[in-house]
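Remarks on the overall topology
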Amino acid sequence: MLGTGTPGPDPDRSGPATAIVVNETSYLIDFGPGVVRRIAAAYHNGVTAFGFGATQLHKVFLTHLHADHTAGYPDLILTPWIMGRRKPLDVYGPTGLKAMTKHVTKAWELDIANRVHGPERLKTDGCRVNAHEIRPGVIYKDRNITVTAFPVRHGEMKGAFGYRFETPDRKIVISGDTAPTETIIENSCGCDVLIHEAYSQETYSKVSRKWRAYRRRHHTSSKQLAVLAKRAKPALLILYHRASPGGERLPDPEQVLLDEVRRHYQGNVVTGHDLDVF
Ligand SMILES: [Zn+2]
Ligand SMILES: [Zn+2]
């Protein structure tokens with residue numbers, strides 16, 4: 001777990017970013033703000049598959065285009081390149097990813113030109129991005145991993161995906177941001193790990209009507225997630241992307257969320273923190 005936060009700038013919870021490591025190869029899901037710093041911290045903790053400065057990370061999957069999941073994009077494109085990445089990045093995500101990639105690269109064109117033509121003489125290949133706009137189904141496969149994208153329900157955000165990752169020994173599903181949907185159950189039935197977003201009923205009851213309606217359309221409550229997990233039966237359920245508003249006065253909003261899920265779900269469930277390894 002690299003970043004388990006939301007749009008709220010919580011210094012303990014970086015923007016959404018999750019990595020899967022298979023046979024010393026790393027795969028990244030989402031690039032919220034802070035992503036490259038968190039990767040560097042994970043590297044220092046022993047997750048060496050990223051390479052120093054994320055130079056060995058080449059395959060990236062984006063759930064949707066919201067800023068909390070994408071604000072680390074220039075960092076992901078530029079920093080590892082400056083640190084020595086030589087090969088292009090492959091990024092898979094919804095329609096709109098190509099335009100975002102083009103604009104981000106354009107925004108930093110002066111710096112890129114300086115580093116290519118100045119004394120550093122960096123090769124342009126390392127800051128190139130192959131942006132792949134995807135449809136539901138198998139979107140990527142190599143000898144370590146098969147990646148399946150499936151649609152989720154995230155209010156008016158078109159093209160929001162969850163992903164199923166199948167490796168030689170594990171099936172891992174990540175929800176991205178979503179209201180409860182059957183596609184999560186279809187894809188996570190009997191999986192080893194389900195990483196799912198959630199908000200607590202307790203915080204929900206403390207936010208304004210407008211934000212309650214927003215959460216219902218875009219996100220999943222503790223109780224809804226418990227109902228869903230009962231059907232999907234993941235060996236391990238990890239909660240992430242926990243909403244903060246409404247929890248300001250609770251002594252331990254994380255525990256509140258966990259207790260609410262456990263009230264309705266008897267399976268193995270934990271909350272994810274930045275830099276946790278499962
Ligand atoms: Zn989000
Ligand atoms: Zn979102």
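Structure first, text after, so check above.
In short, a report on the structure. In this text the structure is predicted, and so the values were computed from the model without any measurement.

Pairs can form between side chains of opposite charge whenever their charged atoms are close. Within this structure, the stated rule accounts for twelve salt bridges. In this structure, K106 engages E109 in a salt bridge whose closest nitrogen and oxygen atoms are separated by 3.3 Å. Looking at K106, the relative accessible area reads 52%, which means it is exposed. One salt bridge in this structure joins R128 and D125, with 2.7 Å as the shortest N-O distance.

With seven of its ten residues buried, helix 3 (residues 73-82) lies for the most part within the structure. Turning to helix 3, its buried residues number three or more, namely Y73, P74, L76, I77, L78, P80 and W81. Phi turns positive one or two residues past the end of helix 3, at G84, with a value near 125°.

Below, the discussion takes up the coordination of the zinc ion (ligand 1). On the protein side, the zinc ion (ligand 1) has D68 (OD), H69 (NE2), D177 (OD) and H241 (NE2) as donor atoms, found 2.1 to 2.2 Å from it. Of note, the zinc ion (ligand 1) draws all its donor residues from one chain, in the sequence arrangement D-H-x107-D-x63-H. Metal-to-metal, the separation of the zinc ion (ligand 1) and the zinc ion (ligand 2) is 3.4 Å; D177 coordinates the two. With H69 in helix 2 (residues 67-70) and H241 in strand 11 (residues 236-242), this residue pair connects regions lying 172 residues apart in the sequence. For H241, a relative accessible area of 5% puts it in the buried group.

Attention shifts here to the nonpolar core. By size, the foremost hydrophobic cluster in this structure holds 29 residues, and its most contacted members are L28, F31, Y73 and V91. Put simply, the parts of the chain that give this core at least two residues each are helix 1 (35-44), helix 3, strand 4 (89-93), helix 4 (97-107), helix 5 (109-117) and strand 5 (129-133). No other element matches helix 3, which puts five residues into this core. Discounting residues that sit within four places of it in the chain, V91 has contacts with F31, V60, Y73, L97, V129, N130, A131 and H132. Grouped together as the second largest cluster of nonpolar side chains are 23 residues, I29, F61, V147 and I174 included.

Applying the stated criterion across every chain yields a total of zero disulfides. C189 carries a free sulfur, and the closest cysteine sulfur to it, the one in C191, is 8.5 Å from it.

With that settled, consider the coordination of the zinc ion (ligand 2). Protein-derived coordination of the zinc ion (ligand 2) comes from H64 (NE2), H66 (ND1), H154 (NE2) and D177 (OD), at a distance range of 2.1 to 2.4 Å. Around the zinc ion (ligand 2) sit four donor atoms, and with donor-metal-donor angles ranging over 91 to 166° the site reads as irregular. Sequence spacing of the donors to the zinc ion (ligand 2): H-x1-H-x87-H-x22-D.

For the rest of this paragraph, the subject is the sheet that holds strand 4. Through backbone hydrogen bonds, the strands of a sheet pair up, either in parallel or in antiparallel fashion. Overall, mixed pairing links the five strands, which are arranged 1-2-3-4-5 in an open sheet. Looking at the sheet topology across the chains shown, the edges are occupied by strand 1 (18-22) and strand 5. For this sheet, the mean inter-axis angle between neighbouring strands, taken without regard to orientation, is 20°. Across three bridges, the pairing between strand 3 (residues 59-61) and strand 4 is parallel. Each residue of the ladder has a partner; that of F61, found in strand 4, is Y92. The sheet strands contacting helix 3 are strand 2 (25-29), strand 3, strand 4 and strand 5, and the helix crosses strand 4 at an angle near 165°.

A few words on a nonpolar patch on the surface. Judged by side-chain polarity, F52, I82 and M83 come together as a nonpolar surface patch covering roughly 260 Å² of accessible area. A residue is classified by how much of its surface remains accessible, and M83, at 41% relative accessible area, is partly exposed.

Take L250: it is sitting in the loop between strand 11 and helix 10 (253-264). Sequence-wise, L250 and E202 are 48 residues apart; in three dimensions their C-alpha atoms are separated by 9.1 Å. Setting aside chain neighbours within four positions, we find L250 in contact with E202, T203, K206 and V256.

Parameters at a glance
Residues numbered from 1 in each chain as written. Chains lettered and ligands numbered in written order. Predicted model: local features only at pLDDT ≥ 70, side-chain atom pairs only at ≥ 80, totals over all residues. Heavy atoms only, no water. Salt bridge = Lys/Arg side-chain N within 4 Å of Asp/Glu carboxyl O. Buried < 20%, exposed > 50% of the residue type's maximum accessible area, 1.4 Å probe, protein only. Helix = DSSP H or I, 4+ residues; strand = E, 2+ residues; numbered from the N terminus. Donors = N, O, S within 2.8 Å, 3.2 Å for Na, K, Ca; no water. Core = buried A, V, L, I, M, F, W, Y, C linked by side-chain atoms within 4.5 Å. Contact = heavy atoms within 4.5 Å. Disulfide = S-S within 2.5 Å. Tetrahedral: all angles 85-135°; square planar, octahedral: opposite > 155°, others 65-115°. Pairing = 2+ DSSP bridges. Axes fitted to C-alpha atoms, helices over the stretch in contact; angles between N-to-C directions. Patch = residues over 30% accessible without salt bridge, like charges linked within 9 Å, V, L, I, M, F, W, Y side chains within 5 Å. Areas by Shrake-Rupley, 256 points an atom, 1.4 Å probe, with all protein chains shown as cover.

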